[in-house]
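If you want the building blocks of each chain, they are given just below.
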Amino acid sequence: MQERMPIGFMFKQINTIYEKEFNKQLRTLGITASQCAVLDFLFSSDEEVTQRDIEKALNLKNPTVTGLLKRLDEKGFILIVPSNKDKRCKNIYPTAKAYDIQKRMDMDRKKLDKMLTLGMNKKEVAALEKMLARVLYNIEEP
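An account of the accompanying structure is given in this report. What you see is a predicted model, and the numbers here were worked out from it, not measured in a lab. (Residues numbered from 1 in each chain as written. Predicted model: local features only at pLDDT ≥ 70, side-chain atom pairs only at ≥ 80, totals over all residues. Heavy atoms only, no water.)

The next thing to look at is the nonpolar core. Inside soluble globular proteins, nonpolar side chains tend to come together where they are buried. Membership of the largest hydrophobic core comes to 23 residues, with the highest contact counts inside it found for L26, I31, L39, L42, I54 and M105. Contributions of two or more residues to this core are made by α1 (7-26), α2 (33-44), α4 (62-74) and α5 (96-116). For this core, the element with the highest residue contribution is α2, accounting for 6 residues. In this structure, I31 is in contact with L26, C36, L39, K75, F77, I101 and M105, ignoring residues within four places of it in sequence. (Core = buried A, V, L, I, M, F, W, Y, C linked by side-chain atoms within 4.5 Å. Buried < 20%, exposed > 50% of the residue type's maximum accessible area, 1.4 Å probe, protein only. Helix = DSSP H or I, 4+ residues; strand = E, 2+ residues; numbered from the N terminus. Contact = heavy atoms within 4.5 Å.)

Here's what the structure looks like:
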């Protein structure tokens, strides 16, 4: 009898394949999956966003976010503006160029979600989403 693959390993495999495929789709837009995650966070925020906010929300280290922001800035997808409240902080805003590709990023992500849930009905997809939310909750740092 074949031994079951550890759950954590399955998550890693899924993530590796997902990111590779998503990067392939996003290449035509000139961004990566990681840069897309930063833009998604900026799009979803109603308040001013700092680098620290991005680090916390995406669970990334400072140097990683610094590099992502630098490349997004160089490509014209974000503006980095000194804060009026605290000059040591910089607020980050998506540009019109970022909003122009938002719909395409969403379409690419939906296409991948369909691929991930191929052969599942709506009930199964809802159950999967619920279980994955629980797994994420379980593993998140307090």
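With phi around 55 degrees, N59 is a residue other than glycine that occupies positive phi space. Note on placement: N59 falls in the loop between α3 (51-58) and α4. Its relative accessible area of 62% is what places N59 among the exposed residues.

As a further point, take the environment of F41. On the secondary structure map, F41 appears in helix α2. Of the residues examined, F41 reaches a relative accessible area of 22% and is grouped as partly exposed. With 13 residues separating them in the primary sequence, F41 and I54 have C-alpha atoms 7.3 Å apart. Beyond its immediate chain neighbours, meaning those up to four positions away, F41 contacts V49, D53, I54 and A57.

This next bit is on α2. For α2, with 12 residues, the first-to-last C-alpha span of 16 Å sits near the 16 Å given by 1.5 Å per residue. Turning to α2, its buried residues number three or more, namely A33, Q35, C36, V38, L39, L42 and F43. Those residues of α2 hidden inside the fold are in contact with α1, α3, α4, β1 (78-82), β2 (90-94) and α5. (Expected span 1.5 Å × (residues − 1).)

On to the packing of aromatic side chains, then. Evaluated as defined, the whole model comprises 2 aromatic pairs. When the ring of Y18 is compared with that of F22, the centres are 5.8 Å apart and the planes differ by 45 degrees; the resulting orientation is tilted. Residue Y18 and its partner F22 are both found in helix α1; the two are separated by 4 residues, about one turn of the helix. Taking relative accessible area as the criterion, F22 reaches 3% and is therefore assigned buried. Aromatic side chains F43 and Y99 sit 4.9 Å apart centroid to centroid with 40 degrees between the ring planes, which places their arrangement in the tilted category. Of this pair, F43 sits in helix α2 while Y99 sits in helix α5, and the two are 56 residues apart along the sequence. A cation over a ring is seen here: K97 above F77, with NZ or CZ 4.8 Å from the ring centre. (Phe/Tyr/Trp six-rings, centres within 6.5 Å; stacked < 30°, edge-to-face > 60°. Lys NZ or Arg CZ within 6 Å of the ring centre and 35° of its normal.)

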